[in-house]
Amino acid sequence: MRVALFVTCLGDQFFAEACADAVRLLRHVGAEVSFPTDQTCCGQPAFNSGHRREALRMMRHTTQVFADAEYVVLPSGSCAGMVRSMYSGLSDTDEARAAAEDLAARTYELSEFLVSVADCEELGDGLTGHRVAYHHGCHALRELGVSDQPVTLLRSCGAEVIEWSADRECCGFGGTFSAKLPEVSAAMADHKLDTLPDVDVVTSADGGCLLQLSGRAGRRELPVPFRHLASLLWQGVAGAEAPRGSA
Amino acid sequence: MTGSSPEYRPGAYREAAAHSLRETPMVRDSVGSATRTFDSLRAHAYADVESDRWRDWARDVKGHALTHLDQYLEQAERSLVRNGVHVHWAATAEDVHRVIAKVVETHGVRTVVKSKSMLSEELDVNAHLESLGVRPVETDLGEYIIQLLDEPPSHIVGPAIHRSLDDCRVLFHERLGTPLDSEPDELAAAARAALREDFLSADLGISGGNFLAADTGTVALIENEGNIRLTTSVPRVHVALVGIEKVVPRFEDLAGLLQLTARAATGQPIGLFVSLIQGPRTGDEVDGPEEVHVVLVDNGRTTLFEDDVAWEALRCVRCGACLNICPVYRQTGGHAYGWTYSGPIGAIISPGLLGLDRALPLPHASSLCGACTDVCPVRIPIPELLIHWRERTVDEGRNSTAERLGMKAYAGLAERPGAFSAAASALRWTPWRAAGRALPVLSGWVQERDAPSPSPRSFRDLWREGIE
């Protein structure tokens, strides 16, 4: 399995250690990991704000960068959703559409890849006794259909995944939405935080959601720890002594 | 809403939403609790049937009717006329007002009983009636409450869900003299007693229409309180306001559509009352109006229909399921949206009906989470349509110059990996609060949240050094 890692903008800058943990996880399940250094942004911020021309430019760039990859894996449900579910419809020529559909067929969110492609359902026991809340990022859940895989993996590492009534409700990030309508966005995060059960850590497959929830929890001085799914799963493999992921 | 609220118009969405969250947090509590209850009832009602197949079917029936709209509307008109109904075509709200004014004049109408109709809200029918010296009485309990409060509806199905039970206790105590500790049943009974007088004295009943079957000319209405049945059968004259998108080909289509709409709206197998109106009272019938008018209303719908993408929103059956599940709507309820239709469906039909310039920023009032599409009984691809209106905003140059230039620059950087990573690293170390003045994205963020802590080294750097 040759995997090209697409770390995404937020991954590169705010979840670098989690992305490194993604590399470790992928190698752990036998993948040969590469990092095409010409990668930039998938174009989702432009696409979701209605800037179709700009999104198309970023899509063209991304399909070229990953043209030769056997698999493309992203530690982000929403960026994976952009590539897999939106690129085809965004295409302006038959050629672009063919390239988009070809890339979509090779693209996976990290936990999805681990379970569905690498056939991994057991990672380790490094999360034994940890009470974990899993936030379903909307695009992982709805555009990719990723819902059981992260939970299965967390449980396989010994974590107790605690029921959370709002686990499938949007955190209010929504990319530029969070900055254009900050008051409503924050109220959405508040509902998530106010319904959160007593857990040791909150995790998600999406960095954007984690920034939103942790940023709001920080502003409200709520002592809730957040960690990216990739870091938590690597801790599941390597135990508590594993290199600590960021956030 | 309180007196100091921002203006009631879509353009004031952000201020109105912020004001609601800050000044009336109980609205968020009431709306949150009501919508979560509605949604959970819907989920159970969907699970009891093959709802995915029902929804595919409903999407196809409504889609077929819309793509043959002229044919079915003409057929519906012929059927209605055959049934003895007066048919009127109204291109605008003013046309509707003229039809109503004529009926009021002809029959010397002084009191009108109305059943809940979002279309009548859209057309400002009550204000028009008042201008004619006619007293409109809303007979749906929720509508009755907000009419007493002089507020617009905040939800398509539950117009008063932004109000708590205690709000209603105080209101009814002041207006109807009920005790302050009345139970909901007692409040409903007090409203019923007051309304009964109005039903008996009204000269005209005005209703909406959930569906209009073209082959039989049947106007179908669903409800739970019986007030629609009375509105459409007790007064001498009945006027039904029906949007042109409500036409469906066949009478038998109503069976599926009425059940699906009830399941989507309130989780019921069907509304407690279904009225199938076939025209005025005929010789051997003991009740029903002497005269029935159906007003087929466009009011911007053909403009929406002509848009190759946005037209799909016209399939909407006004069940409110998308409002109930929407995490954005749940924070404020409907008033913040500033017009008749709120929530996800409001954000995609208001730009068509009002014009994009008047509807902005509603298409942006969504995180694009997609929960709405999961529940829509006619499978309207709501996030896709939201993005479509955002694209039209850009195409028509209605977004800010800063955003336009920013996105162009961003796309330019994304095509030059070296420059992109340098710029990304710079952003990582930008003091967000201080830079907020120059970059509105950052100020919006830090207004409500702590700035994120950047990774000490970028992934790019970690990769270069080697990951073990």
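This is a predicted model, so every value here is computed, not measured.

**Side note on the sheet that holds strand S9 (residues 273-277) of chain B**
All names here are of chain B.
- With respect to topology, four strands assemble into an open sheet ordered S8-S5-S6-S9, the strand pairing being mixed. Taken across any chain shown, the strands that pair with only one partner, and hence form the sheet edges, are strand S8 (247-248) and S9.
- With two bridges connecting them, strand S5 (residues 211-213) and S8 associate as parallel partners. Paired with Leu 212 across the two strands is Val 247, which belongs to S8.

**Some words on the nonpolar core**
- The biggest cluster of nonpolar side chains holds 126 residues, and the ones touching the most others in it are Tyr13(B), Ile345(B), Ile348(B) and Ile380(B).
- Summarising the domain contributions, this core has at least three residues from each of domain 1 (2-117) and domain 2 (131-238) of chain A.
- Among all residues touching Ile345(B), those that are not within four sequence positions of it are Ile156(B), Ala313(B), Cys316(B), Cys322(B), Leu323(B) and Ile380(B).
- Counting residues in each nonpolar core, the second largest holds 69 residues, with Val3(A), Trp164(A), Val202(A) and Leu232(A) among its members.

**Points about empty space enclosed by the protein**
Residue and element names in this part refer to chain B.
- Inspection of the entire model under this criterion finds two cavities of 30 Å³ or more.
- Along its surface, the largest cavity is lined by 15 residues, and Cys 326, Pro 344, Ser 366, Cys 369 and Cys 372 are the ones closest to its centre.
- Those elements that place two or more of their residues in the lining of the largest cavity are helix H16 (343-354), helix H18 (371-375) and helix H19 (382-395).
- Per-class residue counts for the lining of the largest cavity are eleven nonpolar, four polar and no charged.
- Taken as a whole, the second largest cavity holds about 80 Å³ of empty space.
- Lining of the second largest cavity is provided by 14 residues; of these, Cys 316, Cys 319, Cys 322, Cys 376 and Pro 377 occupy positions nearest its centre.

**Focus: the domain arrangement of chain A**
All names here are of chain A.
- According to the domain assignment, chain A consists of domain 1 (2-117) and domain 2 (131-238).
- Across the boundary between the two partners, domain 1 contributes 30 residues, which contact 23 residues of domain 2.
- Here domain 1 and domain 2 share an interface that buries about 2100 Å² over both sides, 69% of which is from carbon and sulfur atoms.
- The largest contributions to the domain 1 side of the interface with domain 2 come from Phe 15, Leu 25 and Ser 111, which together make up 21% of the buried area.
- In this structure, the connection of domain 1 to domain 2 is made through zero salt bridges.

**Some details on the packing of helix H1 (residues 13-23) of chain B against helix H2 (residues 25-47) of chain B**
Residue and element names in this part refer to chain B.
- Remark: H1 packs on H2, axes separated minimally by 4 Å, with the N-to-C direction vectors making an angle of 95 degrees. Taken together, the axes of H1 and H2 are roughly perpendicular relative to one another. Of the residues in H2, those in contact with Ser 20, Leu 21, Arg 22 and Glu 23 of H1 are Pro 25, Val 27 and Arg 28.
- The residue makeup of the contact of H1 with H2, split by class, is three nonpolar, one polar and three charged.

**Examining the packing of aromatic side chains**
- With the rule as written, the count across this model stands at 14 aromatic pairs over all chains.
- Ring centres of Phe459(B) and Trp463(B) lie 6.1 Å apart, and the angle between their planes is 35 degrees; on these two criteria the pair is classed as tilted. Placement of both Phe459(B) and Trp463(B) in helix H24 (residues 459-465) is noted, with a separation of four residues, approximately one turn of the helix.
- In textbook terms, an aromatic cluster arises when at least three aromatic residues are bridged by ring pairs, as seen for Phe35(A), Phe459(B) and Trp463(B).
- Above the plane of the ring of Tyr46(B) lies Arg42(B), whose end atom (NZ or CZ) is 4.9 Å from the centre.
- For Arg318(B), the ring lying beneath its charged end belongs to Tyr341(B), and the centroid distance is 4.7 Å.

Thresholds applied
- Residues numbered from 1 in each chain as written.
- Chains lettered and ligands numbered in written order.
- Predicted model: local features only at pLDDT ≥ 70, side-chain atom pairs only at ≥ 80, totals over all residues.
- Heavy atoms only, no water.
- Pairing = 2+ DSSP bridges.
- Helix = DSSP H or I, 4+ residues; strand = E, 2+ residues; numbered from the N terminus.
- Core = buried A, V, L, I, M, F, W, Y, C linked by side-chain atoms within 4.5 Å.
- Buried < 20%, exposed > 50% of the residue type's maximum accessible area, 1.4 Å probe, protein only.
- Domains from an automatic or database assignment.
- Contact = heavy atoms within 4.5 Å.
- 1 Å grid on protein atoms, 1.4 Å probe; cavity = no way out; pocket = protein on both sides within 12 Å on 5 of 7 lines; lining within 4 Å.
- Points joined across faces, edges and corners; volume = space filled by probe spheres on them.
- Nonpolar A, V, L, I, M, F, W, Y, C, P; charged D, E, K, R; others polar.
- Buried area = accessible area lost by both parts, 1.4 Å probe.
- Salt bridge = Lys/Arg side-chain N within 4 Å of Asp/Glu carboxyl O.
- Axes fitted to C-alpha atoms, helices over the stretch in contact; angles between N-to-C directions.
- Parallel < 35°, antiparallel > 145°, perpendicular 65-115°, else oblique.
- Phe/Tyr/Trp six-rings, centres within 6.5 Å; stacked < 30°, edge-to-face > 60°.
- Lys NZ or Arg CZ within 6 Å of the ring centre and 35° of its normal.

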